[in-house]
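# Fold and geometry: a report
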2 protein chains.
Amino acid sequence: MPRWESDAQGRLERAALELFETQGYERTSVAQIARTAGLTERSFYRYFPDKREVLFAGHEIEAHLVGQVEAADPGLRPLEALLTALRTADEVFRSREFLLRRVRVIAASPALAERDLIKLAHIAEALVPALGRRGVQPDKARFIIDVAMAVSRRATSRWLADPDAAFSELVAQAAAELCEVAAPPAPTVR
Amino acid sequence: MPRWESDAQGRLERAALELFETQGYERTSVAQIARTAGLTERSFYRYFPDKREVLFAGHEIEAHLVGQVEAADPGLRPLEALLTALRTADEVFRSREFLLRRVRVIAASPALAERDLIKLAHIAEALVPALGRRGVQPDKARFIIDVAMAVSRRATSRWLADPDAAFSELVAQAAAELCEVAAPPAPTVR
DNA sequence: TCAATGACAACAGATGCTGTCATCACATAG
DNA sequence: CTATGTGATGACAGCATCTGTTGTCATTGA
């Protein structure tokens, strides 16, 4: 018989999401999360460096994107490599049910929304060396990645709103929008 | 004779920048900043909602961009309106000297780097209604703004590195790079 | 059998941030 | 000249986040 319940981290994550949903992020204390999960406040900080991180653990998406970019056809141009990687990113998403709860909680709290931005920025930084291995200079790589992130945000936003769209399709659609937005205007012939 | 020194907020800002430079952000306490500026900790929080904000007060750039976009030629396409507004953004920059100190301090502290991201995100959100008045739907507007922010980051990065380049030129250069990156590859004829 | 290890609790403390009330120079009215 | 209000600040108390440290007790393995 184990002395402690197993999966302490998972219990903390579930307790936190539940409490954030019902009382809001600001009004739930770390001590309360820990109590709900059957642990002490001090133990919480053994699993997560700070209160916000309880909703942001894991680097699956970053790892997936970096891996896909590094494995992409060397003939692809950088932006295409990024968008190709993005098209399969939904494979590492968890259930939409879970994602929706999480997105709602994050949107409701400035502190969590900030943490979301930081995670995106970290993904962007992690992709710089991946493009570097394809011969792109760091500053230029960061620029291309920022453009890809804009496409990603556009696709993700649509994906969350539209329950049944294929993520891959939405990425392609956003990429088409990018061309349309960025292209110099066709000379208007009168 | 005034009872207190004037420009309490400015004194706090200067003391904070100085202390962050010499000891780092984490290792300087709010009480220390306030003492250095000849005030109490409590007074610090009357001027700034939290410790990080002492380096981020003011909304001049956001106001400038929103104003310029709203005043732009209605015939311009949305991205062009944004980039045109961006070209004159350096008018509200303070001295490069001050900006460089600030950028270095921000880059040295994760907490401040985060705050920087949030400020950019707020600018992006503030621009959505400005494009809305030009007939662009919110989600699409946000997408175009994200693309413009990528261009802005590219130009700003070059501007900080190159002491004498005209900001307006760097924006134009980054915009050209955008076309090149986003354009579908020219069909290779063999 | 027993030492090492790992998972956790217990406690203390620094710091960030907030609420509340007192204080005191200054302005203005009477 | 006095009274009264106003606005900036200090003083103090308190909660929450986060960290350092140490003790406890199963489990593991020699």
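Values in this document were obtained by computation on a predicted structure and should not be read as measured data.

## Re the overall build of chain A
- The helix and strand tally for chain A stands at 9 helices and 0 strands.
- The N-to-C order of helical and strand elements in chain A reads α-α-α-α-α-α-α-α-α.
- Its C-alpha atoms give chain A principal-axis dimensions of roughly 75 × 40 × 30 Å.
- For chain A, the residues scored as buried account for 44% of the 190 residues in total.

## What about the interface of chain A and chain B?
- Each partner contributes to the interface: chain A provides 30 residues, whereas chain B provides 30 residues.
- Interface area for chain A against chain B, summed over the two sides, is near 2800 Å², with a carbon-plus-sulfur share of 63%.
- Together, R77(A), F143(A) and V181(A) form the three largest contributors to the area buried by chain A at its contact with chain B, with a combined 23%.
- Our enumeration of links across chain A and chain B arrives at 8 salt bridges.
- Across the pair D146(A) and R153(B) runs a salt bridge, and its minimum N-O distance is 2.9 Å.
- Along the contact surface separating chain A from chain B lie 16 residue pairs in polar contact (both at pLDDT 80 or more).
- Mapped by element, the contributors of at least two residues to the side of chain A that touches chain B are α5 (78–87), α7 (110–132), α8 (138–161) and α9 (167–182) of chain A.
- At 12 residues, the largest contribution of residues to the side of chain A that touches chain B is made by α8(A).
- When grouped by side-chain class, the residues that make up the side of chain A that touches chain B number 17 nonpolar, 1 polar and 12 charged.

## Some remarks on the domain arrangement of chain A
All names here are of chain A.
- Domain annotation of chain A identifies domain 1 (8–54) and domain 2 (58–182).
- For domain 1 and domain 2, the distance between their C-alpha centres works out to 28 Å.
- Summed over both partners, the interface of domain 1 with domain 2 comes to about 880 Å²; 58% of that surface belongs to carbon and sulfur atoms.
- Between the two partners, domain 1 and domain 2, sit 4 residue pairs in polar contact (both at pLDDT 80 or more).
- Looking at the side of domain 1 that touches domain 2, its residues break down into 3 nonpolar, no polar and 6 charged.

## A word on the environment of W159(B)
Residue and element names in this part refer to chain B.
- Summarising the element assignment, W159 is placed in helix α8 (residues 138–161).
- Classification of W159 by relative accessible area gives buried; the value is 7%.
- Those residues in contact with W159, other than ones at most four positions away along the chain, are F93, R96, L99, A165, F167 and L170.

## A closer look at the state of the cysteines
- Overall, the coordinates contain 0 disulfides over all chains when judged by the stated rule.
- The structure places no disulfide on C179(A), whose sulfur is separated from the nearest cysteine sulfur, that of C179(B), by 11 Å.

## A word on the pattern of salt bridges
- Here the structure, examined in full by the defined rule, presents 28 salt bridges over all chains.
- A salt bridge links E114(B) to R52(A); its shortest N-O distance comes to 3.3 Å. Note that E114(B) is positioned in helix α7 (residues 110–132) and R52(A) in the loop between α3 (41–47) and α4 (60–71), a pairing that runs across two chains.
- In this structure E114(B) comes out as buried when scored by relative accessible area, which is 16%.
- On the basis of relative accessible area, R52(A) is assigned to the buried category, the value being 14%.
- A salt bridge links E177(B) to R158(B); the shortest N-O distance between them is 3.3 Å.

## Description of the packing of aromatic side chains
- Scanning the entire structure with this criterion turns up 12 aromatic pairs over all chains.
- Both rings, one in F93(B) and one in F167(B), keep their centres 5.6 Å apart while their planes meet at 65°; by these two values the pair is edge-to-face. Pair noted here: F93(B) is in the loop between α5 (78–87) and α6 (96–108) and F167(B) is in helix α9 (residues 167–182), with a separation of 74 residues, a long-range link. Note on accessibility: F93(B) and F167(B) belong to one class, buried.
- Within the aromatic cluster, the residues linked to one another by ring pairs are F44(A), Y45(A) and F48(A).
- The cationic tip of R102(A) hangs over the ring face of F56(A); the distance from NZ or CZ to the ring centre is 4.9 Å.

## Observations regarding the relation of the copies chain A and chain B
- For the pair chain A and chain B, the relating rotation is 180°, the translation along its axis is 0.0 Å, and the fit reaches an RMSD of 0.0 Å. Those values place the two copies in the arrangement expected of a two-fold rotation axis. Minimal C-alpha separation from the rotation axis in chain A is found for V147(A), amounting to 2.9 Å.

## A closer look at α9(B)
Residue and element names in this part refer to chain B.
- Taking 1.5 Å of rise per residue, the 16 residues of α9 would be expected to cover 22 Å, and the 22 Å separating its terminal C-alpha atoms lies within 8% of that figure.
- For α9, every residue scored as buried is listed here: F167, L170, V171, A174, A175, E177, L178, V181 and A182. Axial view of α9: buried residues confined to an arc of 160°, hence all on one face.

## So, α5(B)
- Every buried residue of α5(B) is listed here: L79(B), A81(B), L82(B), L83(B), A85(B) and L86(B).
- Buried residues belonging to α5(B) abut α9 of chain A together with α4 (60–71), α7, α8 and α9 of chain B.

## Structural notes on the packing of α4(A) against α7(A)
Residue and element names in this part refer to chain A.
- It is at 9 Å that the axes of α4 and α7 come closest, and there the two elements cross at 20°. The angle between the axes of α4 and α7 places the two elements in the roughly parallel class. Once α4 is placed against α7, the crossing between them reads as right-handed. Where α4 abuts α7, its residues I61, E62, L65, V66, V69 and E70 lie against H122, I123, A126, L127, A130 and L131.

Rules behind the numbers
Residues numbered from 1 in each chain as written. Chains lettered and ligands numbered in written order. Predicted model: local features only at pLDDT ≥ 70, side-chain atom pairs only at ≥ 80, totals over all residues. Heavy atoms only, no water. Helix = DSSP H or I, 4+ residues; strand = E, 2+ residues; numbered from the N terminus. Buried < 20%, exposed > 50% of the residue type's maximum accessible area, 1.4 Å probe, protein only. Contact = heavy atoms within 4.5 Å. Buried area = accessible area lost by both parts, 1.4 Å probe. Salt bridge = Lys/Arg side-chain N within 4 Å of Asp/Glu carboxyl O. Polar contact = N/O pair within 3.5 Å; in protein donor to acceptor, adjacent residues only side chain to side chain. Nonpolar A, V, L, I, M, F, W, Y, C, P; charged D, E, K, R; others polar. Domains from an automatic or database assignment. Disulfide = S-S within 2.5 Å. Phe/Tyr/Trp six-rings, centres within 6.5 Å; stacked < 30°, edge-to-face > 60°. Lys NZ or Arg CZ within 6 Å of the ring centre and 35° of its normal. Least-squares fit on C-alpha atoms with pLDDT ≥ 70 in both. Expected span 1.5 Å × (residues − 1). Arc of directions from axis to C-beta. Axes fitted to C-alpha atoms, helices over the stretch in contact; angles between N-to-C directions. Parallel < 35°, antiparallel > 145°, perpendicular 65-115°, else oblique. Left-handed = near helix turned anticlockwise from the far one by under 90°.

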